[in-house]
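Working through the structure, step by step
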Amino acid sequence: MVAAPLTSTELLDLCLAEDFLQQGEREVDLLQARRRRDLYWVLGLLGCRGIRVVPSDLEAVWKGRPGRFRPEHREYVWIRGLRRAIDRIERAGEKGLPPVREDLFDLFRLVEGREEESLPASLLRREEPWDAPGGSVHPEPELLDLCLAEFRPERGYGEGGRRYRALHPVHRAAVVCRSVLHLSPFPDLNAWIAILAASQHLLATGYPPFLPQVADRPTLRTIRKARREDAFLEWFADLVLVGYRCLARGAGPTAWD
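Calculation criteria
- Residues numbered from 1 in each chain as written.
- Predicted model: local features only at pLDDT ≥ 70, side-chain atom pairs only at ≥ 80, totals over all residues.
- Heavy atoms only, no water.
- Helix = DSSP H or I, 4+ residues; strand = E, 2+ residues; numbered from the N terminus.
- Buried < 20%, exposed > 50% of the residue type's maximum accessible area, 1.4 Å probe, protein only.
- Contact = heavy atoms within 4.5 Å.
- Areas by Shrake-Rupley, 256 points an atom, 1.4 Å probe, with all protein chains shown as cover.
- Core = buried A, V, L, I, M, F, W, Y, C linked by side-chain atoms within 4.5 Å.
- Axes fitted to C-alpha atoms, helices over the stretch in contact; angles between N-to-C directions.
- Nonpolar A, V, L, I, M, F, W, Y, C, P; charged D, E, K, R; others polar.
- Salt bridge = Lys/Arg side-chain N within 4 Å of Asp/Glu carboxyl O.
- Expected span 1.5 Å × (residues − 1).
- Phe/Tyr/Trp six-rings, centres within 6.5 Å; stacked < 30°, edge-to-face > 60°.

1. Some details on the overall build of the chain
- In terms of regular secondary structure, the chain is built from 12 helices and 0 strands.
- Start at the N end of the chain and walk to the C end: the helices and strands fall as α-α-α-α-α-α-α-α-α-α-α-α.
- Going through the 257 residues of the chain one by one, you find that 49% of them count as buried.
- The contacts of the chain with a sequence gap of at least 6 include a subset with a gap of at least 24, amounting to 70%.
- Surface accessibility of the chain: about 13300 Å² in total, with carbon and sulfur atoms responsible for 53%.

2. Thoughts on the nonpolar core
- Counting 73 residues, the largest nonpolar core has Leu46, Leu58, Val111, Leu196, Phe210 and Phe236 as its most contacted members.
- Beyond its immediate stretch of four places on either side in the chain, Leu196 contacts Trp41, Leu45, Leu82, Ala85, Ile86, Ile89, Leu107 and Val111.

3. Side note on the packing of helix α4 (residues 74-94) against helix α5 (residues 101-112)
- Between α4 and α5, the shortest axis-to-axis distance is 6 Å and the interhelical angle comes to 145°. Residues Arg74, Val77, Trp78, Gly81, Leu82, Arg84, Ala85, Arg88 and Ile89 of α4 pack against Asp103, Asp106, Leu107, Leu110, Val111 and Glu112 of α5.
- Across the contact of α4 with α5, the residue classes break down as 8 nonpolar, 1 polar and 6 charged.

4. Regarding the pattern of salt bridges
- Considering all chains together, one arrives at 19 salt bridges under this definition.
- Where Arg37 meets Asp38, a salt bridge forms, and the shortest distance between an N and an O atom there is 2.8 Å.
- Judged by its relative accessible area of 12%, Arg37 falls in the buried class.
- Across the pair Asp106 and Arg109 runs a salt bridge whose closest N-O atoms are separated by 2.7 Å. Residue Asp106 and its partner Arg109 are located together in helix α5, separated by 3 residues, close to a single helical turn.
- Classification of Asp106 as partly exposed rests on a relative accessible area of 21%.
- A relative accessible area of 7% places Arg109 in the buried class.
- One network of salt bridges, with partners in common, ties together Arg34, Arg37, Asp38, Arg83, Asp87 and Glu90.

5. Observations concerning helix α10 (residues 190-204)
- When the terminal C-alpha atoms of α10 are compared, their 21 Å separation across 15 residues agrees well with the 21 Å that a helix rising 1.5 Å per residue should span.
- Across the 15 residues of α10, 15 count as buried, placing the element largely inside the fold.

6. Concerning the packing of aromatic side chains
- Counted according to the given criterion, the structure contains 9 aromatic pairs.
- Ring plane angle 80° and centroid distance 5.8 Å describe the contact between Phe105 and Phe186, whose orientation is recorded as edge-to-face. Taken together, the positions of Phe105 in helix α5 and Phe186 in the loop between α9 (169-183) and α10 put the pair 81 residues apart, joining distant regions of the chain.
- The buried category is assigned to Phe105, whose relative accessible area is 3%.
- Measuring from centroid to centroid gives 5.8 Å for Phe210 and Trp235, while their planes differ by 80°, and the two rings are edge-to-face. Here Phe210 is found in the loop between α10 and α11 (217-223), whereas its partner Trp235 is found in helix α12 (residues 229-248), with 25 residues between them in sequence.
- The class for Phe210 is buried, based on a relative accessible area of 0%.

7. Examining the environment of Val137
- Turning to its location among the elements, Val137 is positioned in the loop between α6 (120-123) and α7 (144-148).
- The spatial distance from the C-alpha of Val137 to the C-alpha of Leu181 is 9.9 Å, given a sequence separation of 44 residues.

This is the structure:
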């Protein structure tokens, strides 16, 4: 009998176990690994929105050097905001804190460069989200507060607690991503917030973040409307594995400079 091929989640668990066992046998420059990961991450987020940049563009913004973007540019604000958002979810992940509704508001404030005093109600959309692909369906704006009250792990992020608890941790993070995409609570940037929130869930459970790249943009837009929930879970797990393997090999944006 031929054994069934391993799933992406099974392969990821094996890779993480092997990496853990080998940690004592090799020296890792954690700062360099973090730099490579953050560049890969932010380049992917921008690429998924159709914004093409190179690592030197990001480095110039983060280090306050002259470059392609200036403080008055929206891209400049987003590049700085995404870095702050990544720092925030990494701190939450280290504490083992999965995302809740308040995290969504904080992530949106950070990415948009909003003042911390902005009330949650003022951040919610009042019409259809700008970044939603054609044909997608979202809750009416007046229902968002009620829907967001269900955005917590005890409620399975609106999917049902029992079903959520039966899933692999990576698939649970996919539920987080899918839930934010469905709600699309903000006027714009919902895909970024969904990816960041899912990554917080992954980091909180000991897994690497979700790092879609520019080549995944068409699939991301298409699969947001998919009726088969398992199709989204499988695609999500595949990309978590691909991102982990790419960075573990030392590949990534540092080679693009």
